[in-house]
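Here is how the chains run, residue by residue.
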Amino acid sequence: ELDRQIDIVVIGAGPAGAVAASLLNAKGHNVLVIERQHFPRFSIGESLLPQCMEFLAQANLLDAVHRHADQHHFQHKNGAAFVHAGRYSEFDFRQKFSDGHGTTYQVQRAPFDHILAQETERQGVEIIWGHTLVNIDQDTSPARLTVEDEHHQTYTISAQFVLDASGFGRVLPRLLQLDRPSNFPSRTSLFTHIEDNISDDGFDREKIRVTVHYQHKDVWFWLIPFAHGRCSIGVVARSEFFDGRDEDLNRRLADIIADEPSLKTLLANARFDTPAREITGYASDVSQLWGPNFALLGNAGEFLDPVFSSGVTIAMKSASLAADVLDRQLRGQAVDWEAEYAQPLRAGVDTFRAFVEAWYDGRFQDIIFASQQSKEVRAMISSILAGYAWDTNNPYVKDSEHRINVLAELCRLS
Ligand code: FAD
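Residues numbered from 1 in each chain as written. Predicted model: local features only at pLDDT ≥ 70, side-chain atom pairs only at ≥ 80, totals over all residues. Heavy atoms only, no water.

## As for the overall build of the chain
This is how the line gets drawn: Runs of E in the DSSP output that reach at least two residues are strands. Runs of H or I that reach at least four are helices, and both are numbered from the N terminus. With the radius of gyration taken over C-alpha atoms, the globule rule is written as 2.2 Å times the number of residues to the power 0.38. Here's how the labels work: a residue is buried when its accessible area is under 20% of the maximum for its type, exposed when over 50%, partly exposed in between, all with a 1.4 Å probe on protein chains only. Two residues qualify as a contact provided that any one of their heavy atoms is within 4.5 Å of a heavy atom in the partner residue.
When its secondary structure is counted, the chain shows 13 helices and 20 strands. Here the chain has a C-alpha radius of gyration of 21 Å; the compact-globule value for 414 residues is 22 Å, and the two agree. For the chain, the spread of C-alpha atoms along the three principal axes comes to 60 × 45 × 40 Å. Buried residues in the chain amount to 57% of all 414 residues. Within the chain, contacts between residues separated by at least 24 positions form 73% of all contacts whose residues are at least 6 apart in sequence.

So, in structure tokens, the structure goes:
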């Protein structure tokens, strides 16, 4: 395997890598994916948004997802519900401002990512499993990549272009010193899977449920139902919130959930049968999203926050944009990565950013729990929650910050 010459090397076979590799392969390019792990493997990020169905369809991966949905207990999803101290507010994604898919799935990422990767292979892309990208010399053209196999032997690959889809691995940001601290404070997330045994008929399994802590408005829980009586549940808070709590992560999580009245009732019969896990300090940013022979996709670029379940959608959007620019570049056309990739990608990320900031300072909660609401405005917000953060016809995309401020003010007055 010494010194293979490849057009495009993709680092990582998660959603960003699979979509990018499928799209570029379909356009006739020679693509190689290098994936450190063997799938199926665990990943967090289980609630998808309808917008991402469009990118799966573009990459010819959507049929495979539908086909395997029942077998892997993918839960049909049509919206998001928010709960705080006895108040309830839900958004149905089918009643949204933007065109496009109005439903999606909640998935366990181990089988979901595996399906995407297997389908990508079936389309003709080679994925090297268990090999890790460890170095890049990108001053040369083609770039020279150093890869380590499972016996710690290294070999090199020459690539015209590298797409970094390594997620929280953040391979190129680390190797090329592109890391930049995020503007968001460091938060910690503690989560597990449960057999939920929910008997409340009012509980809607087709929606993610986001519960705001009854006391601390910047602490929140996700409850993501799957189709076989199980849920993913997690809490997100500043690291200080966990100080002085039980050292054992399972007991720590169970205590925090038992302390939240609405979840305590809803999950009274739940069985906690899976070890809890913790992730901390995941918000990240980069100084640049591309260079002469590379681009950063998905979480290898910027990651904001999990509250609006936007991660996989942003990852697939980045793959779709990058595949288009790279295809034209490799066919000899003049391309502008800043104007055609970084700026359009960041535009949607900035929409989510405005909503994430408004979530943590309370403006967004004032909006969603307000009693009087216009249908039109709710449809526009529903669109953002469904992932349509790039639809500039939506005033809440075009002018997010200003619109949120005005609406929050109105909601507080009413
Ligand atoms: P990944 O899915 O992480 O894939 C990257 C792949 O690269 C991995 O398989 C890894 O093994 C491989 N890799 C890494 N390093 C190397 C290397 N050196 N060489 C070769 N391969 C390598 N998103 C949602 O859409 N919905 C949610 O509900 C949601 N909830 C979240 C909750 C929390 C607490 C957090 C932290 C995130 C959440 N996210 C959610 C975000 C989501 O996890 C990510 O945005 C998404 O997985 C990013 O996909 P990706 O393809 O960029 O990377």
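## Examining the environment of arginine 251
Within the element layout of this structure, arginine 251 appears in helix 6 (residues 249-258). According to the relative accessible area criterion, arginine 251 is partly exposed, its value standing at 48%. Remark: the alpha-carbon pair of arginine 251 and alanine 276, spanning 25 residues in sequence, is separated by 8.9 Å.

## A few points about the side chain of threonine 188
What counts here: Counted as a polar contact is a pair of N or O atoms within 3.5 Å, where, for protein atoms, one must be capable of donating a hydrogen and the other of accepting one, and residues adjacent in sequence contribute only when both atoms are in side chains.
Within the secondary structure layout, threonine 188 lies in strand 12 (residues 187-195). Within polar-contact distance, the side chain of threonine 188 engages the side chain of serine 239 at 3.1 Å. Beyond its immediate stretch of four places on either side in the chain, threonine 188 contacts Val235, Val236, Ala237, Ser239, Phe242, Glu278, Ile279, Thr280 and Tyr282.

## Overview of helix 6
Operational definition: Relevant arc is that of directions from the helix axis to the C-beta atoms, nothing else.
Within the sequence span of helix 6, burial applies to Arg252, Leu253, Ile256 and Ile257. Considered in projection along helix 6, the buried side chains sweep an arc of 130° and stay on one side of the axis. Along its buried surface, helix 6 packs onto strand 12, strand 14 (220-225), strand 15 (230-238), helix 7 (261-266), strand 16 (271-272) and strand 17 (277-280).

## Some points on the packing of helix 9 (residues 337-360) against helix 13 (residues 400-413)
Worth spelling out the cut-off: Note on geometry: axes are lines fitted to C-alpha atoms, helical ones only across the stretch in contact, with angles between N-to-C directions running from 0 to 180 degrees. Throughout this description, any angle smaller than 35 degrees is read as roughly parallel, any larger than 145 degrees as roughly antiparallel, any in the 65 to 115 degree range as roughly perpendicular, and the remainder as oblique. Crossing handedness is read from the near helix: turned anticlockwise from the far helix by less than a right angle, it gives a left-handed crossing, and turned clockwise, a right-handed one. Gly is placed with the polar residues, together with every amino acid not listed as nonpolar (Ala, Val, Leu, Ile, Met, Phe, Trp, Tyr, Cys and Pro) or charged (Asp, Glu, Lys and Arg).
Packing of helix 9 against helix 13 brings their axes to within 9 Å, and their N-to-C directions diverge by 30°. Accordingly, the angle class assigned to the pair helix 9 and helix 13 is roughly parallel. Every pair of crossing elements has a handedness; the one defined by helix 9 and helix 13 is right-handed. Along the contact surface, helix 9 presents Thr351, Ala354, Phe355, Glu357 and Ala358, while helix 13 presents Ser400, Glu401 and Ile404. Split by residue class, the contact of helix 9 with helix 13 holds four nonpolar, two polar and two charged.

## Some words on the pairing of strand 2 (residues 31-35)
In plain terms, the rule: Pairing between two strands requires that DSSP report at least two bridges joining them. Seen with the strands pointing away from the viewer, any crossover whose path from the first strand over the helix to the second strand runs clockwise is right-handed.
Most of strand 2 is tucked away, with five of its five residues classed as buried. Every second residue of strand 2 is oriented toward a common face, with Val31, Val33 and Glu35 on one face and Leu32 and Ile34 on the other, all of them buried. Bridging between strand 1 (residues 4-11) and strand 2 involves four bridges; their strand directions are parallel. Opposite valine 10, over in strand 2, you have valine 33 as the bridge partner. Of the crossover connections in this fold, the one passing from strand 1 over helix 1 (residues 15-26) to the parallel strand 2 is right-handed.

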